[in-house]
Amino acid sequence: MYKEKILNLLRSSRTALISGEELARKCGISRTMVWKHIKTLERDGFVIEAVPSQGYRITAAPDLLRKNDITPGLKTKLIGKHIHLFPEIASTNTLAMEMATAGAPEGTVVIAERQTAGKGRLGRKWISPKGNLYLSVILRPHVPMHRAPLVTLMGAVAVASAIRTTCNLKAGIKWPNDILLSGKKVCGLLTEMSAEQDRIRHLVLGIGVDVNMDPEELPAGIQGLATTLAREAGAAINRTALLQQVLRDLELWYRAFLENHSAIINEWGAMNVTVGNRVAVGGAGEVLEGLAQGIDHEGRLLLRLDDGTIRTVAAGDVTILKKG
Ligand code: BT5
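What counts as what
By convention here, each chain's residues receive numbers from 1 onward along its written sequence. Confidence filtering applies because this is a predicted model: local features only for residues at pLDDT of at least 70, side-chain atom pairs given and counted only at 80 or more, and all residues used for totals across whole chains, interfaces and linings. Calculated side-chain values reflect all of the structure's heavy atoms, with hydrogen atoms and water omitted. Think of it this way: any DSSP run of H or I at least four residues long counts as a helix, any run of E at least two long counts as a strand, and we number them from the N terminus. In this scheme, a residue with accessible area under 20% of its type's maximum is buried, one over 50% is exposed, and one in between is partly exposed, where area comes from a 1.4 Å probe on protein chains only. Contacts are assigned to residue pairs with any non-hydrogen atoms lying within 4.5 Å of each other. Charge counting follows a simple rule: Lys and Arg are positive, Asp and Glu are negative, and His as well as the terminal groups are ignored. All charge positions are set by atom: Lys at NZ, Arg at CZ, Asp at CG, Glu at CD. For salt bridges, the criterion is a side-chain nitrogen of Lys or Arg within 4 Å of an Asp or Glu carboxyl oxygen. Stacked, edge-to-face and tilted labels apply to pairs of Phe, Tyr and Trp rings (six-membered ring for Trp) whose centres lie within 6.5 Å, assigned for plane angles under 30 degrees, over 60, and everything in between, in that order. The criterion for strand pairing is that DSSP finds at least two bridges linking the strands in question. Angles shown run from 0 to 180 degrees and are taken between the N-to-C directions of axes, each axis being a line fitted to C-alpha atoms and, for helices, limited to the stretch in contact. Think of a nonpolar core as a cluster: buried Ala, Val, Leu, Ile, Met, Phe, Trp, Tyr and Cys residues, connected wherever their side-chain atoms sit within 4.5 Å. Throughout, the term near means that a residue has one or more heavy atoms lying within 4 Å of the molecule or strand in question. In protein, a polar contact requires one atom able to donate a hydrogen and another able to accept it; more generally it is a pair of N or O atoms within 3.5 Å, and residues adjacent in sequence count only if both atoms are side-chain atoms. The protein chains shown are the only cover counted for residues, whose accessible areas, like all others here, come from Shrake-Rupley with a 1.4 Å probe. The path from the first strand over the helix to the second decides the hand: if it runs clockwise while the strands point away from the viewer, the crossover is right-handed.

S.K.: Before we go on, may I ask you to explain the overall build of the chain in this structure?
M.R.: Within the chain one finds ten helices and 14 strands. On the principal axes, the C-alpha backbone points of the chain span a range of 80 × 40 × 30 Å. Expressed as a percentage of its 324 residues, the buried residues of the chain come to 49%. Long-range pairs, those at least 24 residues apart, make up 62% of the contacts in the chain between residues at least 6 apart in sequence. Looking at charge distribution, the chain has the averaged site of its 41 positive side-chain charges lying 5 Å from that of its 32 negative ones.

Structural data, given as structure tokens:
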């Protein structure tokens, strides 16, 4: 508590020195205690200059997500009411699914700085070095099971909006679970569900965004297919601000999804980069080629094959062959 107060005082005095005496007085603790908290802040990664008989100032802050930076100013009622933040875990989705089964409330968010076993779809891996965002949100929508795929589209709309607002980059959505910049993947979404009969017990919406990582951290085979927000923006991105905006936009679009599915479909239509193009859709053994015509009310892709027939595709991997 005192550590946070000292940090806030140091941050608000910016480059000006603030004396140990003033910090001690404002916190109601001794100067020795101030010094101890300064040392803890240094262990947390802050670089703090101490000028004898004048005071302290922060000269560098660690690029770490902190709950005390995320929660104030978030102003959401549901998404992010409970935040669990870890330096490193296997997979935020795996933990969030376990927590949901154990009864964690809707809107609980699990965040990690790094994942050691990040998951993609169909048993694929999500490479998760430090510098990015990895989060999973527990949802308990009272909608029939066949609506569940719309949650991935809802998540894509929310994340693409947050990227547009925070980074001023025109993020586009590729059906079903990718967000692209300059034609390259910058975010992947993974929705996992627990259901009985036609009832959703809970859903976990997992989001991985490549933000500030060094792209060389990705295996050579993926490097050419992926990008980062920092690379596209030409500057490092404030991950806390982006995360807060993602949570706010998720709250907005989740409510829209619960009230009226067509709002999601319309917004998805405005931000997608799939429809209108010639695409190949892989998965389940066969590869289909055709024109991506749109999505239906359950979020399935409508593909017009060359013989004119329309195929409804529920899941798969899309490659854009030719812009329409
Ligand atoms: C996805 O799968 O795109 C879903 C990714 C979801 C990741 C989040 S992170 C938080 C939460 N916790 C988890 O454990 N997962 C979720 P898919 O469409 O199957 O794409 C996976 C493919 O993307 C891989 O096979 C690679 O080719 C590529 N890939 C892996 N890591 C990547 C990265 N960091 N950036 C871009 N592409 C990547």
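S.K.: Can you help me understand the pattern of salt bridges in this one?
M.R.: Once the charged atoms of two side chains with opposite charge are near each other, the side chains can pair. Taken as a whole, this structure holds 23 salt bridges when the rule is applied. Salt-bridge contacts for Arg-11 lead to Asp-69; the nearest nitrogen and oxygen are separated by 2.9 Å. In this pair, Arg-11 sits in helix α1 (residues 2-12) while Asp-69 sits in helix α4 (residues 67-70), placing the two residues 58 residues apart along the sequence. Here Arg-11 falls in the partly exposed class, since its relative accessible area comes to 33%. Between Arg-311 and Glu-286 there is a salt bridge whose closest N-O contact spans 3.0 Å. Of this pair, Arg-311 sits in strand β13 (residues 310-313) while Glu-286 sits in the loop between β10 (278-282) and β11 (288-295), placing them 25 residues apart in sequence. For Arg-311, a relative accessible area of 33% corresponds to the partly exposed category. Relative accessible area serves as the criterion here: at 42%, Glu-286 is assigned to the partly exposed category. Connected via shared salt-bridge partners are Glu-4, Arg-11, Arg-66 and Asp-69.

S.K.: Any chance you could explain the packing of aromatic side chains here in plain terms?
M.R.: To describe a pair of aromatic rings, you give the distance between the ring centres and the angle between the ring planes. As enumerated under the stated definition, the model contains one aromatic pair in all. An angle of 25° between the planes, with centres 6.1 Å apart, marks the rings of Tyr-254 and Phe-257 as stacked. One end of the pair, Tyr-254, and the other, Phe-257, are both in helix α9 (residues 239-259), three residues apart, so they sit about a helical turn from each other. In this structure, Tyr-254 and Phe-257 share a single accessibility class: buried.

S.K.: Is there a simple way to think about the sheet that holds β11 in this case?
M.R.: Sheet strands associate in pairs through backbone hydrogen bonding, adopting either a parallel or an antiparallel arrangement. With antiparallel pairing, the five strands of this open sheet are ordered in space as β13-β12-β11-β10-β14. The two strands at the open ends of the sheet, each matched to only one other strand, are β13 and β14 (317-322). Averaged over neighbouring strand pairs, the angle between their axes works out to 45° when direction is ignored.

S.K.: Hey, could you run me through the nonpolar core in this one?
M.R.: Side chains of nonpolar character tend, in soluble globular proteins, to be buried together. Counting 66 residues, the largest nonpolar core has Leu-135, Met-154, Ile-163, Ile-207 and Leu-229 as its most contacted members. By residue number, the principal contributor to this core is helix α6 (residues 149-167), which donates twelve residues. Excluding anything up to four places from it in sequence, Met-154 contacts Leu-139, Leu-205, Leu-250, Trp-253, Tyr-254, Phe-257 and Ile-264. Within the second largest apolar cluster, 16 residues are counted, among which are Val-34, Ile-38, Phe-46 and Ile-58.

S.K.: Can you help me understand the site of the ligand in this one?
M.R.: For the ligand, the set of nearby residues contains 27 residues, the closest of which are Ser-91, Lys-119, Arg-124, Lys-185 and Asp-210. For the ligand, a nitrogen atom lies 2.6 Å from a polar atom in the side chain of Asp-210. For the ligand, whose free accessible area comes to 800 Å², the fraction covered by protein is 92%. Within the residue set of the shell around the ligand, elements represented by two or more residues are α5 (92-101), β5 (133-139), β8 (184-196) and β9 (199-209). For the shell around the ligand, the element with the most residues is β8, which contributes four residues.

S.K.: Would you explain the pairing of strand β4 (residues 109-115) in this entry?
M.R.: The side chains of a regular strand alternate, first on one face of the sheet and then on the other. Counting buried positions over the seven residues of β4 gives six, a clear majority of the element. Taken together, the six bridges between strand β3 (residues 83-89) and β4 define a ladder with parallel strand orientation. Residue Ile-83 lies in a different strand from β4, and its bridge partner there is Val-109. Each parallel crossover has a hand, and for β3 linked through α5 to β4 it is right-handed.

S.K.: Any chance you could explain unusual backbone geometry here in plain terms?
M.R.: When glycine is set aside, most residues are seen to have a negative phi, and most peptide bonds are trans. Following Trp-175, the chain continues into Pro-176 via a peptide bond in cis, with omega recorded as 0°. One non-glycine residue, Gln-197, adopts positive backbone phi at about 45°. Within the secondary structure layout, Gln-197 lies in the loop between β8 and β9. Residue class for Gln-197 comes out exposed when judged on its relative accessible area of 78%.

In short, geometric facts, not functional conclusions.
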